[in-house]
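# Overview (structure and organization)
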Amino acid sequence: MKRFWILSIIILFPVTVIFAQQNSGLAEEFTKLEDYLRNPKLTEEQKKKNFETNMVSSVRSTLSKRLANPKKDLKELKFQDLQTERPEGTNTFFVKYKNYYFQYLFPVDPETYVTSPSEEIVLEKPEGLDLGSNAHKEEKKN
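### Quick word on the packing of aromatic side chains
Across all of its chains, the model carries six aromatic pairs by this definition. Pairing Phe 93 with Phe 106 gives two aromatic rings, centres 5.7 Å apart and planes at 80 degrees, and the pair type is edge-to-face. With Phe 93 in strand β2 (residues 92-97) and Phe 106 in the loop between β3 (100-105) and β4 (119-124), this pair connects stretches of sequence that are 13 residues apart. Taking relative accessible area as the criterion, Phe 106 reaches 3% and is therefore assigned buried. Between Tyr 104 and Phe 106 the ring centres are 6.2 Å apart and the planes differ by 50 degrees, which places this aromatic pair in the tilted class.

Here it is in structure tokens:
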């Protein structure tokens with residue numbers, strides 16, 4: 001039985017090497033394609049467009065669940081209506097639209113890919129609330 005295994009290895013090893021060599025071109029092409037798709041080379045204009053599309057789409061999607069008449073209320077929504085901020089080195093974005101504040105976490109960079117947020121938090125600021133004042137802080141007790 002031991003001889004059978006040794007003989008099988010001796011016979012099959014060259015076949016395996018030949019088979020691997022024949023497919024190395026396909027494996028190399030696959031690896032290059034995968035790298036290209038995972039790391040697209042985009043112009044600054046393409047990145048800007050992807051980012052704007054993702055932000056507007058995210059706000060539109062989030063608010064469509066909260067507003068009574070989203071088609072009418074969000075019809076004119078443009079990227080210029082949004083304020084955005086991104087902590088450096090993250091895919092987390094803080095967005096302000098009218099009296100709504102959003103926190104979005106994207107699974108991939110929204111400048112590189114057209115994507116939707118994997119997590120979202122939305123807050124609505126009450127009318128008249130001044131976020132710059134200390135009115136909400138507790139007073140010191142003497």
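### Remarks on the pairing of β2
In the sheet, strand β1 (residues 83-85) pairs with β2 via three bridges, with the strands oriented antiparallel. Paired with Glu 85 across the bridge in β2 is Phe 94. The turn joining β1 and β2, which pair antiparallel and follow one another in sequence, is formed by six residues; a positive phi near 80 degrees is taken by Gly 89. In this sheet, β3 lies alongside β2 in antiparallel orientation, the contact comprising six bridges. Across the sheet, residue Phe 94 finds its bridge partner in β3, namely Gln 103. The hairpin formed by β2 and β3 contains two residues between the paired strands, and Lys 98 there has a positive phi angle of roughly 55 degrees.

### Overview of the nonpolar core
Within the largest apolar cluster, 18 residues are counted, with the highest numbers of intra-cluster contacts made by Met 55, Val 59, Leu 63, Leu 82, Val 95, Tyr 97 and Phe 102. Breaking this core down by element, the ones donating at least two residues are α2 (44-64), β2 and β3. A per-element tally of this core places α2 first, with five residues. In contact with Val 59, not counting residues within four places along its chain, are Leu 77, Leu 82, Val 95, Tyr 97, Phe 102 and Tyr 104.

### Quick word on the environment of Glu 52
Position of Glu 52 relative to the elements: it lies in helix α2. Among the residues examined, Glu 52 registers a relative accessible area of 22% and is labelled partly exposed. A sequence separation of 59 residues divides Glu 52 from Glu 111, and the C-alpha atoms of the two residues are 8.3 Å apart.

### Observations concerning the environment of Val 56
Positionally, Val 56 belongs in helix α2. Val 56 sits 21 residues away from Leu 77 along the chain, and the two C-alpha atoms are 7.3 Å apart. Aside from chain neighbours lying at most four places away, what touches Val 56 is Leu 77, Lys 78, Phe 79 and Leu 82.

### With respect to the side chain of Asn 99
Note that Asn 99 resides in the loop between β2 and β3. A distance of 3.5 Å separates polar atoms of two side chains, one belonging to Asn 99 and the other to Glu 124. In this view, Asn 99 contacts Leu 123, Glu 124, Lys 125 and Glu 127; residues no more than four positions away in its chain are not counted.

About the criteria used
- Residues numbered from 1 in each chain as written.
- Predicted model: local features only at pLDDT ≥ 70, side-chain atom pairs only at ≥ 80, totals over all residues.
- Heavy atoms only, no water.
- Phe/Tyr/Trp six-rings, centres within 6.5 Å; stacked < 30°, edge-to-face > 60°.
- Helix = DSSP H or I, 4+ residues; strand = E, 2+ residues; numbered from the N terminus.
- Buried < 20%, exposed > 50% of the residue type's maximum accessible area, 1.4 Å probe, protein only.
- Pairing = 2+ DSSP bridges.
- Core = buried A, V, L, I, M, F, W, Y, C linked by side-chain atoms within 4.5 Å.
- Contact = heavy atoms within 4.5 Å.
- Polar contact = N/O pair within 3.5 Å; in protein donor to acceptor, adjacent residues only side chain to side chain.

Everything listed here is a matter of coordinates, which is why it stays silent on function.
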